[in-house]
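This is what each chain is made of:
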Amino acid sequence: MITVLIDFGIELFQNSTISFFTDNQVIDKNIKLPVYWNRQLLLLFKEAMTNALKHSKANKISLQIKFTDNFLMISLQDNGKGFDDTMIKRKNGIINMFKRASKIEGLLEIESSSGTKLTFTGKV
């Protein structure tokens, strides 16, 4: 799942003005994720990356993946313009990301002001 997510980011941003970076601290570990996690996390972060490409006006996006004490943390951060949640007319993508995190009993946090940071944390 991690390799697919990183490959998706590389391919998505390769022909854009956005530089994509990864800080992956778990690629060499053989972590068995609970049932349904792969699908939900892939769809969640693909949505987040696509939103960043379309709306952020960023020139740098980083994907950070950590696994510590049975907790998986995946974070996507850009240096774009950020957004005000109250000004978004169509929130389906954001609502679906929160639903996906909830389906696998994880926590999704979104911070946005100058740039946006989206962080998923879940106990494996």
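Residues numbered from 1 in each chain as written. Predicted model: local features only at pLDDT ≥ 70, side-chain atom pairs only at ≥ 80, totals over all residues. Heavy atoms only, no water.

### Comments concerning the overall build of the chain
1) Next: From N to C terminus, the chain includes 3 helices and 5 strands.
2) Next: Secondary structure elements of the chain, listed N to C terminal, follow the sequence α-β-α-β-β-α-β-β.
3) Next: Against the globule reference of 14 Å for 124 residues, the chain gives a C-alpha radius of gyration of 14 Å, in line with a compact fold.
4) Next: Seen through its C-alpha atoms, the chain measures out along the principal axes to roughly 35 × 30 × 20 Å.
5) Next: Within the chain, the proportion of its 124 residues that are buried is 35%.
6) Next: When the accessible surface of the chain is totalled, it reaches about 7,800 Å², and 49% of it is carbon and sulfur.
7) Next: Once the 17 positive and 12 negative side-chain charges of the chain are each reduced to a mean point, those two points are 6 Å apart. (Helix = DSSP H or I, 4+ residues; strand = E, 2+ residues; numbered from the N terminus. Rg over C-alpha atoms; globule rule 2.2 N^0.38 Å. Buried < 20%, exposed > 50% of the residue type's maximum accessible area, 1.4 Å probe, protein only. Areas by Shrake-Rupley, 256 points an atom, 1.4 Å probe, with all protein chains shown as cover. Lys, Arg positive; Asp, Glu negative; His and termini not counted. Charge placed at Lys NZ, Arg CZ, Asp CG, Glu CD.)

### Here's the deal with the side chain of Thr119
1) Next: One can find Thr119 in strand β5 (residues 115-123).
2) Next: We classify Thr119 as buried; its relative accessible area is 11%.
3) Next: Apart from residues lying up to four places away in sequence, Thr119 is in contact with Met73, Ile74, Ser75, Leu107, Leu108 and Glu109. (Contact = heavy atoms within 4.5 Å.)

### Overview of the sheet that holds strand β1 (residues 19-24)
1) Next: Read across the sheet, 5 strands follow the order β1-β2-β3-β5-β4 without closing on themselves; strand pairing throughout is mixed. Of all the strands in the sheet, the pair left with one neighbour each is β1 and β4 (107-113). On average, each strand axis in the sheet is inclined to that of its neighbour by 10 degrees, with strand direction left out of account.
2) Next: In the sheet, strand β3 (residues 71-78) pairs with β5 via 8 bridges, with the strands oriented antiparallel. If you follow Asp78 over to β5, its bridge partner there is Thr116.
3) Next: Relative to β1, helix α1 (residues 2-13) is tilted by about 165 degrees, and along the sheet it contacts β1, β2 (60-68) and β3.
4) Next: Here helix α2 (residues 37-55) sits on the sheet in contact with β1, β2, β3, β4 and β5, set at roughly 15 degrees to β3. (Pairing = 2+ DSSP bridges. Axes fitted to C-alpha atoms, helices over the stretch in contact; angles between N-to-C directions.)

### Observations concerning α1
1) Next: With 12 residues, α1 extends 17 Å between its outermost C-alpha atoms, agreeing within 8% with the 16 Å of an ideal straight helix rising 1.5 Å per residue.
2) Next: Along α1, the residues that are buried comprise Ile2, Leu5, Ile6, Gly9 and Phe13. Taken down its axis, α1 places every buried residue within 95 degrees of arc, on the same side. (Expected span 1.5 Å × (residues − 1). Arc of directions from axis to C-beta.)

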